[in-house]
Amino acid sequence: MTDEEIVVSFALTRLDDANSDLDLEDVAALVVRRLTPDQILDLATRNLAARNELRGALFESAVEHVLRIVLTARGPAE
């Protein structure tokens, strides 16, 4: 899953009326829950590599990666 696909998936998930009041981490968790096990593993691996870590919880690392990509795409806070 590319960074662009992550951003689009996140945006579509957040635009859903049922999810509009969720915080960013909850939306990211919904995005990750919809992925295949191989996609989750890929995101978690990329997150751990970015953090220069060898081990971490799979699901939580994947969610953190989604958040990292979305927040990076949003740019600096004003």
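Residues numbered from 1 in each chain as written. Predicted model: local features only at pLDDT ≥ 70, side-chain atom pairs only at ≥ 80, totals over all residues. Heavy atoms only, no water.

A word on the nonpolar core. Membership of the largest hydrophobic core comes to 17 residues, with the highest contact counts inside it found for Phe10, Ala28, Val32, Leu43, Ala62, Val63 and Val66. Contributing elements (two or more residues each) for this core: α1 (3-15), α2 (24-33), α3 (37-50) and α4 (58-74). Per-element accounting of this core gives the leading share, 6 residues, to α4. (Core = buried A, V, L, I, M, F, W, Y, C linked by side-chain atoms within 4.5 Å. Buried < 20%, exposed > 50% of the residue type's maximum accessible area, 1.4 Å probe, protein only. Helix = DSSP H or I, 4+ residues; strand = E, 2+ residues; numbered from the N terminus.)

A separate point is α1. For α1, which comprises 13 residues, the first-to-last C-alpha distance of 18 Å matches the rise-based estimate of 18 Å (1.5 Å per residue) to within 8%. Of the positions making up α1, those classed as buried are Ile6, Phe10 and Thr13. The buried residues of α1 occupy an angular sector of 65° when projected down its axis, which confines them to one face. Summarising the geometry of α1, the exposed residues directed more than 90 degrees from the buried face are Glu4, Leu12 and Leu15. (Expected span 1.5 Å × (residues − 1). Arc of directions from axis to C-beta.)

Okay, the confidence of the model for the protein chain next. Any region with low pLDDT has predicted coordinates that should not be read closely. The predicted model of the protein chain averages 91 in pLDDT, with 97% of residues at 70 or higher. α4 is the least confidently modelled element of the protein chain, averaging 93 in pLDDT, while α2 averages 95, the highest of any element. (pLDDT = per-residue confidence, 0-100.)

Turning to the packing of α1 against α4, a few remarks are in order. Direction vectors running N to C along α1 and α4 enclose 90°, while the axes themselves pass 9 Å from each other. When the axes of α1 and α4 are compared, the pair comes out roughly perpendicular. Along the contact surface, α1 presents Asp3, Ile6, Val7 and Phe10, while α4 presents His65, Val66, Ile69, Val70 and Ala73. A class-by-class count of the residues in the contact of α1 with α4 yields 7 nonpolar, 1 polar and 1 charged. (Axes fitted to C-alpha atoms, helices over the stretch in contact; angles between N-to-C directions. Parallel < 35°, antiparallel > 145°, perpendicular 65-115°, else oblique. Contact = heavy atoms within 4.5 Å. Nonpolar A, V, L, I, M, F, W, Y, C, P; charged D, E, K, R; others polar.)

Now for the side chain of histidine 65. With respect to the helices and strands, the residue histidine 65 is situated in helix α4. Judged by its relative accessible area of 5%, histidine 65 falls in the buried class. A polar atom in the side chain of histidine 65 sits 3.3 Å from the side chain of arginine 46. For histidine 65, the residues in contact, after removing those within four places along its chain, are Asp3, Ile6, Leu43, Arg46 and Asn47. (Polar contact = N/O pair within 3.5 Å; in protein donor to acceptor, adjacent residues only side chain to side chain.)

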